[in-house]
Amino acid sequence: MDIAEKMNVFQDAVQVDRRVVAQEHMMTEENLYIPEKTVGAPFVDDPKMRMRDVNVFYDTDQAIHGVSLDIGKNEVVALIGPSGCGKSTFLRCMNRMNDTIDICRVEGSLHLENQDIYDPKLDVVELRARVGMVFQKPNPFPKSIYDNVAYGPRIHGLANRKTDLDEIVENSLRKAGLWDEVKDRLDSPGTGLSGGQQQRLCIARTIAVSPEVVLMDEPCSALDPIATAKIEELIRELSESYTIAIVTHSMQQAARVSQRTAYFHLGWLVEMNDTDTVFTKPQHELTESYITGRFG
Amino acid sequence: MQTGQLLLILAAMIVTAFIMGRHRALQVAQPLGGIRHLRSLPFYYAMRSAIWCALPALIVLVFWLVFDQTLIRIMVLDSLPAELQPVDGAARNLMLSQIGNVASGALPRDFVDAAVANAAGRLNQLQSISAMAMAVVVIVLAMVGGAWAWLRVSARMPAREQVERVLLVIFMLCAVLAVVTTVGIVFSVLFESIRFFGQVPITDFLFGLNWSPQMALRADQVASEGAFGAVPLFAGTLLISAIALIVAVPVGLMSAIYLAEYAHSKVRSFAKPALEVLAGVPTVVYGFFAALTVAPFIRDVGQSLGLSVASESALAAGLVMGIMLIPFVSSLSDDVITAVPRAMRDASLGLGATRSETIKKVIFPAALPGIMGGILLAASRAIGETMIVVMAAGLAANLTANPLQAVTTITVQIVTLLTGDQEFDSAKTLAAFALGLMLFITTLLMNVVALHIVKKYREQYE
């Protein structure tokens, strides 16, 4: 039996398994079921990040079931889906933040360009410098605004001189649209800013290490509408220079900021396509139900 | 009736008042259609009854117990004929103890004056009357109080507010008690110290380099004058505490960091209680461990290296004390490190910081107040620790910075000054209070300094 045959047998087994699981999760009154294969177009040419057959387990519970998708260069990909569908878990796989959870186990192949993210020889520090992350709740360090932004450049040794560091801090804060608001009080604590400013500070902190990909885990869920609008504006600007994956609960937000959208359901990737297509002509009933607000 | 029996009866009455109050509240509630029509839950009516039953009776009981002996004594002494009336305080005490002895039967009646024997009889009589009267008054008060509360139960009565007000007062009294005790101790130490400084100049005490508190007890006794220079004691205390902290702080902190950040949860669940057991070992056990194992070991090692080491050395005491203090530092630090929010760690790790960078730059500053608290606690323990030093560091008040020599500490000297038969107004015993005052001031200063450090370097997370 050669490798190709083995793979076929394996994939058959996986598909049978999927069907069983799908039936378990079948929503009887809606008669909705999870498709065996992701519908739509999850793959692109020459992707920035390539994920194939990703399974994630917490102890024995499987949180992600064979998810495969691509994230293209300089595009904003939105991950949407009901609570507990595994979109945050999947996001955290992409810079190995799940490593910090003892019971979490990741299978499958995840690549950043040609680099295998889960290569045992890979330096996680370098990976996380290339794939930055913004969290759900603004979490500035209890340090000054300046030190918050300078934290990453300092630990990665990006600046040899104070003036270099000053420049990085200023540029990052400018890109995050925060410079004009804080330039006179760089020494005051970052925790003293408003929620929206704190989140933009966290974005500035993330881009200060010049990542290639920025992962955002519901970055606006703790913010008011005006602060949210500013962050969304910022995401659109940042997409010119960064590749962005954003988890969001707000479908309007996904529609506003992303080029492509992935719909997760109970750990499966149900549908992925251009954002317009997903929101105007969803191909799967589950997606349609979610975006029309029948559940979620 | 004995006071113990009375208290038992009172307790039974309080329980009864509670049960009856509750029952009554339920009874009142029933015709109204359930307890939701009462202003408070039945529990509060029950508590209110219990409080009414207990409080007045207990207050009277306490006052009675405090004052009845004094009153009885005055009455007994007044009953003595004029020629037997004591002239001064000492004679009064003597007379009272004589009467007391006769009354209790320790001294035969025909051994003393007839008037004294009569007084003894009167003492016994008064005491039994007092006990009976107390029992009657207390029980009646409890009954009246309980009954009053029981009768007053009504749907509109704000029982909860009243109970809460009483509880508030009780809480406040407890807090006041702690503060008053502290203030009382401070002042008593302060006044005795002032008496000491009346006999020995404060400058001699603070800056004198010679400590030898032996004084003549009687005028004709041959003894040294007594020197009260406390500097060797301060130096010895500092030396031993410093050695102890040099051991305890790094070991404790690093073990805390290991336990909180790196250890697997299984290791942690086993290692943390195991470490805390160290804190439960009585210091006298550490003391003989230091005196019988560590000190001879250090002496032997020193000798083999050609150093002269006293068999009781500051090093031995300091090392063992350091071991004793490890759990104070590690356990408290571990708690505060674990309490730093996960979001802080995630933020740092997400930026590509290593675990050690995260600990150094984010977790440590955020946990600083707690860590300082742990170190401070360890330092106060080190300064106040007595047993280990008595056993392992000796009593010789050497002024030295050499940890291989015997030194002594403030606490050890307090112990030696106050053990055995002592005159409580000689400079020798009063010196103990002055030393105590110094200890108190030192710990206070340390607290102030630590607070300042924490304020300056703390990074407060939300």
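Not measured: the values here are computed from a predicted model.

1. Topic: the packing of aromatic side chains
Two descriptors summarise a pair of aromatic rings, namely the distance from one centre to the other and the angle between the planes of the rings. Residue and element names in this part refer to chain A. Under the definition given, this model contains 13 aromatic pairs over all chains. Centroid distance Phe90 to Phe264: 5.5 Å. Interplanar angle 45°. Geometry classified as tilted. With a gap of 174 residues between them, Phe90 in helix 2 (residues 87-93) and Phe264 in strand 10 (residues 260-265) connect regions that are remote in the sequence. Judged on exposure class, the residue Phe90 and its partner Phe264 are both buried.

2. Here we look at the pairing of strand 8 (residues 213-217) of chain A
Successive residues of a regular strand alternate their side chains across the two faces of the sheet. Residue and element names in this part refer to chain A. Here strand 8 lies mainly inside the structure; 5 of its 5 residues are buried. Burial along strand 8 is two-sided: the face carrying Val213, Leu215 and Asp217 and the face carrying Val214 and Met216 are both buried. The pairing of strand 7 (residues 131-134) with strand 8 spans 4 bridges and is classified as parallel. Its bridge partner lying in strand 8, Met133 is registered against Leu215. Handedness of the crossover is the feature at issue here: the chain leaves strand 8, passes through helix 8 (residues 225-238), returns alongside strand 9 (residues 243-247), and the resulting connection is right-handed.

3. Points about the interface of chain A and chain B
Taken together, the contact between chain A and chain B spans 24 residues of the former and 21 residues of the latter. Summed over both sides, the interface between chain A and chain B buries roughly 1,900 Å², with carbon and sulfur atoms accounting for 58% of that surface. Summed over the three residues of chain A that lose the most area to chain B, namely A:Pro142, A:Tyr151 and A:Ile155, the buried surface amounts to 29% of that side. Counting across the interface, chain A meets chain B through 1 salt bridge. One salt bridge connects A:Arg92 with B:Asp346, and the closest N-O pair in it is separated by 3.7 Å. On inspection of chain A and its partner chain B, the count reaches 5 residue pairs in polar contact (both at pLDDT 80 or more). Of all elements in the fold, only helix 3 (124-130), strand 7, helix 4 (145-155) and helix 7 (195-207) of chain A reach the threshold of two or more residues within the side of chain A that touches chain B. When grouped by side-chain class, the residues that make up the side of chain A that touches chain B number 12 nonpolar, 8 polar and 4 charged.

4. Here we look at the domain arrangement of chain B
Under the domain assignment used here, chain B contains domain 1 (3-156) and domain 2 (227-461). Relative placement of domain 1 of chain B and domain 2 of chain B: their C-alpha centres are 49 Å apart.

5. Topic: the sheet that holds strand 4 (residues 76-80) of chain A
All names here are of chain A. The sheet built from 7 strands is open, its strands ordered 1-11-10-4-9-8-7 with mixed pairing. Each having just a single partner strand, strand 1 (39-40) and strand 7 make up the two edges of the open sheet. Here strand 4 runs beside strand 9; their pairing, made up of 4 bridges, is parallel. Across the sheet, the residue bridging to Leu79 is Val247, located in strand 9. Across the sheet, helix 7 touches strand 7 and strand 8, and the angle it forms with strand 7 is around 170°.

6. A look at the nonpolar core
By size, the foremost hydrophobic cluster in this structure holds 53 residues, and its most contacted members are A:Phe141, A:Tyr151, B:Ile240, B:Met321, B:Leu325 and B:Ile388. Mapped by element, the contributors of at least two residues to this core are helix 4 of chain A together with helix 7 (231-262), helix 8 (265-280), helix 9 (283-304), helix 10 (314-339), helix 11 (342-350), helix 12 (355-384) and helix 13 (387-392) of chain B. Counting residues per element, this core draws most heavily on helix 10 of chain B, at 11 residues. Among residues more than four places away in sequence, those in contact with B:Ile240 are B:Ala314, B:Ala317, B:Gly318, B:Met321, B:Val389, B:Ala393, B:Val407 and B:Thr409. One finds A:Tyr146, A:Val257, A:Val270 and A:Ile291 within the second-largest nonpolar core, a separate group that totals 45 residues.

7. A closer look at the sheet that holds strand 2 (residues 47-58) of chain A
With antiparallel pairing, 4 strands are arranged side by side in an open sheet as 3-2-5-6 (chain A). Unpaired on one side and paired on the other, strand 3 (61-72) and strand 6 (115-116) of chain A mark the two borders of the sheet.

8. Quick look at the state of the cysteines
Residue and element names in this part refer to chain A. Using the criterion set out here, one finds 0 disulfides over all chains in the structure. No disulfide involves Cys85; its sulfur sits 13 Å from the nearest other cysteine sulfur, which is in Cys93. On the basis of relative accessibility, which here comes to 1%, the residue Cys85 falls in the buried class.

9. Describing helix 4 of chain A
With 9 of 11 residues buried, helix 4 of chain A is to be regarded as a mostly interior element. Along helix 4 of chain A, the residues that are buried comprise A:Ile145, A:Tyr146, A:Asn148, A:Val149, A:Ala150, A:Tyr151, A:Gly152, A:Pro153 and A:Ile155. Among the structural elements, helix 5 (162-175), helix 6 (179-182) and helix 7 of chain A together with helix 11 and helix 12 of chain B are those in contact with the buried residues of helix 4 of chain A. Among the residues trailing helix 4 of chain A, A:Gly157 stands out with phi positive, at a value near 65°.

10. Side note on the pattern of salt bridges
Residue and element names in this part refer to chain A. Under the counting rule described, the total for this entry stands at 28 salt bridges over all chains. Two residues, Lys48 and Glu212, come together in a salt bridge whose shortest N-O distance is 3.0 Å. With Lys48 in strand 2 and Glu212 in the loop between helix 7 and strand 8, this residue pair connects regions lying 164 residues apart in the sequence. Residue Glu212 is classed as partly exposed on the basis of its relative accessible area of 26%. The shortest N-O distance in the salt bridge between Asp99 and Arg96 comes to 2.9 Å.

Cut-offs used in this document
Residues numbered from 1 in each chain as written. Chains lettered and ligands numbered in written order. Predicted model: local features only at pLDDT ≥ 70, side-chain atom pairs only at ≥ 80, totals over all residues. Heavy atoms only, no water. Phe/Tyr/Trp six-rings, centres within 6.5 Å; stacked < 30°, edge-to-face > 60°. Helix = DSSP H or I, 4+ residues; strand = E, 2+ residues; numbered from the N terminus. Buried < 20%, exposed > 50% of the residue type's maximum accessible area, 1.4 Å probe, protein only. Pairing = 2+ DSSP bridges. Right-handed = clockwise from strand over helix to strand, strands pointing away. Contact = heavy atoms within 4.5 Å. Buried area = accessible area lost by both parts, 1.4 Å probe. Salt bridge = Lys/Arg side-chain N within 4 Å of Asp/Glu carboxyl O. Polar contact = N/O pair within 3.5 Å; in protein donor to acceptor, adjacent residues only side chain to side chain. Nonpolar A, V, L, I, M, F, W, Y, C, P; charged D, E, K, R; others polar. Domains from an automatic or database assignment. Axes fitted to C-alpha atoms, helices over the stretch in contact; angles between N-to-C directions. Core = buried A, V, L, I, M, F, W, Y, C linked by side-chain atoms within 4.5 Å. Disulfide = S-S within 2.5 Å.

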